[in-house]
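Now for the letters of each chain:
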Amino acid sequence: MAEIANPSVSIQNLSLNYGAVSVLQTLNLDIAEGEFIVLLGPSGCGKSTLLNCIAGLLDISKGRIFIKGKNVTWEEPKDRGIGMVFQSYALYPQMTVEKNLSFGLRVAGLPKEEIAKRIARAAEILQIEPLLQRKPSALSGGQRQRVAIGRALVRDVDVFLFDEPLSNLDAKLRSELRVEIKLLHRRLENTMIYVTHDQIEAMTLADRIAVMKGGVIQQLDAPQTIYNRPVNRFVAGFLGSPAMNFIEGQLEAGDAGAFTADGVSIPLDRYEFDKDRGSAGKPCVFGIRPEHVAFGDAAKAMPFTAESAVEIVEPMGSDTLVWTKLGGRNFSFRVEAEKTLRTGDPIRIGFDPARASLFDTPSGNRL
Amino acid sequence: MSDQAVSLSVPSGAAHADALGPSGPKPRHIFSRRNIFLYGTLIVAALYYLLPLYVMIVTSLKGMPEIRLGNIFSPPLEITFEPWVKAWSTACTGLNCDGLSRGFWNSVRITVPSVILSIAIASVNGYALANWRFKGADTFFIILIVGAFIPYQVMIYPIVIILREIGLYGSLSGLVIVHSIFGMPILTLLFRNYFTSMPEELFRAARVDGAGFWGIYLRIMLPMSLPIFVVAVILQVTGIWNDFLFGVVYTRPDTYPMTVQLNNIVNSVQGVKEYNVNMAATILTGLVPLVIYFISGRLFVRGIAAGAVKG
Ligand SMILES: Nc1ncnc2c1ncn2[C@@H]1O[C@H](COP(=O)(O)OP(=O)(O)OP(=O)(O)O)[C@@H](O)[C@H]1O
Ligand SMILES: [Mg+2]
């Protein structure tokens, strides 16, 4: 990734400890102007902590934070030019929607006309005009979330922070609001930092995704790169549903090399090694996504093919997931929903190793 | 299927049983064993508490000759309010003979400022402890909790000396200070726990919105904490109004609170025991906490915080 010339948010060597517990370790992150960045990771990996550090709601242990080129490490949240949307919405229950939206502006002592103007604009963008005089308790979940976004919107800030804003909503509403947030970003062109553990949200919204684990950013890249070229086994396994197939084995010597495991040998001449492939006999893990596996006649054209038998069939509506065995491991692949396969049917599968990922077993890093 | 068809044809809400078995709400029997047991216990418990009250009211409405007859449960033959008037305005308590009225106003002058002062300070304490984790907050909190368990008797004499040194001994303001201090540990604990149970994100949202320590307290937290303030008021009003120990130790006869005066009336050794006056005086003294209970019970508005978070 090229250096970002004028980062909107720049986090330098950020560490945060709770007593002896270290949650974030020397974390570096540069976010470009107008970029939509998603922090993705399993529960407890420090996503919210990082977001709260950026917002100034937690005292950091080490490092610096810059927003718009200004060092805000010691600034109060209100002076950082950020707006934040919380997972639980955190609307002030005793205030009407209008008062909720205007609270920050009233605290800042803005003139009445200005407040009215900003509320009108936010209400128009989020289509909550009819709700302005209601209390939060009289709103649905989706409406509350919209008001919470509105509260960040009226503050006219450079950077938006979202902490799992959609995780309390049902699946249908979540996908609707996801689109709305994407449209909102296109319209406002603010920098947005969005925390989620939902990979669909991450893939659909992000310009770049930062995959985190244990307080460390594992990979920071465009969604497609993260999906197709994960830097380590954790990232490969965390993204994708159904998950990537992993087969454990070792590297074989040869002109181009091959991967062998329990009776299968996969040629690696088409695989793009990241770095030096290392010595023969090196233990490694071969990974391929279920949707990159061809089946039946299509498999014949693939550089690697194998015969196997159907074990389990899982219809998922849009397509069907089929489980079989390869290299002694459970192996899944996707077929169109119309295909009728039954347990025990003999099948031919095949794939292109160029689409696969190979990881070093001890370190888990991509080869 | 047929089962469903049948139950649909029955008017909803009506109990109904036929060949297909029970349907609709289960019928309840008023004289079921459970009900008899439940209401029986409740009635006995209620009688247990109401009987003494009945005796007090009845006795306070009788004249002395009637009381001497000895039927404490019989209703008054001739209702008289004389004992009430006497208890309020002319009964002798030690040196003064102006009844409980003096003590009543003293108690009001003690209770009102003590309640306001202690709740105001304790709520800010609790808010600071819950939301602004300042350095040493935990130590401070532990000291407060320990304070709640120290028996009052241990501190009585040192406080006498302190009050004497600052010149407040025997005055109402001295007693107000004492009550405020002693209410502090339990009230702070109460408020801290309440504020801790409020969603942390609400507090964070207010900080992002730019509100400071007092802004968040006054504009976000206070409006959401009516229930806990009602609880605190009940605790403090009854506690301070009913206090006897501090009243008798830290005040002088002309600043005695009502409870001390009541004691002096009831336990006076001169003359005949005027049971009717004693009963009237006791009821008068207990009236204030009683009224507080009745009023504030209605104020227990629940769900003030509803709608703040998901739901
Ligand atoms: N006050 C605290 N004291 C000690 N450890 C804490 C404290 N707050 C959070 N942690 C730890 O910090 C880690 C990161 O927490 P954080 O809330 O950032 O996780 P997260 O990635 O947002 O997870 P989730 O997806 O569940 O929200 C967790 O392991 C948590 O146990
Ligand atoms: Mg979180």
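Keep in mind that what you see is a predicted model, and the values were worked out from it rather than measured.

Bringing the UniProt feature "transmembrane region" (unreviewed entry) in chain B into the picture now. All names here are of chain B. With numbering matched to this structure, UniProt assigns "transmembrane region" (unreviewed entry) to residues 36-57, 110-128, 140-163, 175-195, 216-241 and 277-295. Helix makes up 100% of residues 110-128 and strand 0%, whereas the separation of the span's terminal C-alpha atoms amounts to 27 Å. As annotated, residues 277-295 has a helix share of 100% and a strand share of 0%, and its two end C-alpha atoms lie 27 Å apart.

Glancing now at the UniProt feature "domain: ABC transporter" (unreviewed entry) in chain A. The feature "domain: ABC transporter" (unreviewed entry), as given by UniProt, occupies residues 9-239 of chain A in the numbering adopted here. Annotated as 37% helix and 26% strand, the span residues 9-239 of chain A places its first and last C-alpha atoms 25 Å apart.

Right, let's talk about the site of ligand 1 for a bit. Residue and element names in this part refer to chain A. Neighbouring residues of ligand 1: Tyr18, Val23, Ser43, Gly44, Cys45, Gly46, Lys47, Ser48, Thr49, Glu164 and His197. The contact in question runs from an oxygen atom of ligand 1 to an N or O atom on the backbone of Gly44, over 2.8 Å. Ser48 places a side-chain nitrogen or oxygen 2.5 Å from an oxygen atom of ligand 1. When isolated, ligand 1 has an accessible area of 640 Å², and the protein chains bury 58% of it. Its residues assigned to classes, the shell around ligand 1 comprises three nonpolar, six polar and two charged.

A separate point is the domain arrangement of chain B. Many authors give the size of an interface as the accessible area that is lost as the parts come together. Residues and elements named next belong to chain B. As far as domains go, chain B holds domain 1 (2-80) and domain 2 (101-308). In this assembly, eight residues from domain 1 lie in contact with eight residues from domain 2. Between domain 1 and domain 2, roughly 670 Å² of surface is buried when both sides are summed, and carbon and sulfur atoms account for 81% of that area. For domain 1, the biggest contributors to the area lost against domain 2 are Met56, Ser60 and Met64; these three give 64% of the whole. Linking domain 1 with domain 2 are zero salt bridges, by the criterion used here. Across the domain 1-domain 2 interface, the total number found is one residue pair in polar contact (both at pLDDT 80 or more). Listing elements by their share of the side of domain 1 that touches domain 2, those giving two or more residues are α2 (33-60) and α3 (64-68). The element contributing the most residues to the side of domain 1 that touches domain 2 is α2, with four residues. Of the residues in the side of domain 1 that touches domain 2, the class split is four nonpolar, three polar and one charged.

Counting residues at the interface gives 22 residues for chain B, matched by 29 residues for chain A. Across the chain B/chain A interface, buried area totals approximately 2,300 Å², and carbon plus sulfur atoms make up 57% of it. Asp209 of chain B serves as the salt-bridge partner of Arg155 of chain A, at 3.9 Å between the closest nitrogen and oxygen. If you look at where chain B meets chain A, you find seven residue pairs in polar contact (both at pLDDT 80 or more).

Scoring rules and cut-offs
- Residues numbered from 1 in each chain as written.
- Chains lettered and ligands numbered in written order.
- Predicted model: local features only at pLDDT ≥ 70, side-chain atom pairs only at ≥ 80, totals over all residues.
- Heavy atoms only, no water.
- UniProt positions renumbered as here; feature names shortened; annotations may be inferred.
- Helix = DSSP H or I, 4+ residues; strand = E, 2+ residues; numbered from the N terminus.
- Near = heavy atom within 4 Å.
- Polar contact = N/O pair within 3.5 Å; in protein donor to acceptor, adjacent residues only side chain to side chain.
- Areas by Shrake-Rupley, 256 points an atom, 1.4 Å probe, with all protein chains shown as cover.
- Nonpolar A, V, L, I, M, F, W, Y, C, P; charged D, E, K, R; others polar.
- Domains from an automatic or database assignment.
- Contact = heavy atoms within 4.5 Å.
- Buried area = accessible area lost by both parts, 1.4 Å probe.
- Salt bridge = Lys/Arg side-chain N within 4 Å of Asp/Glu carboxyl O.

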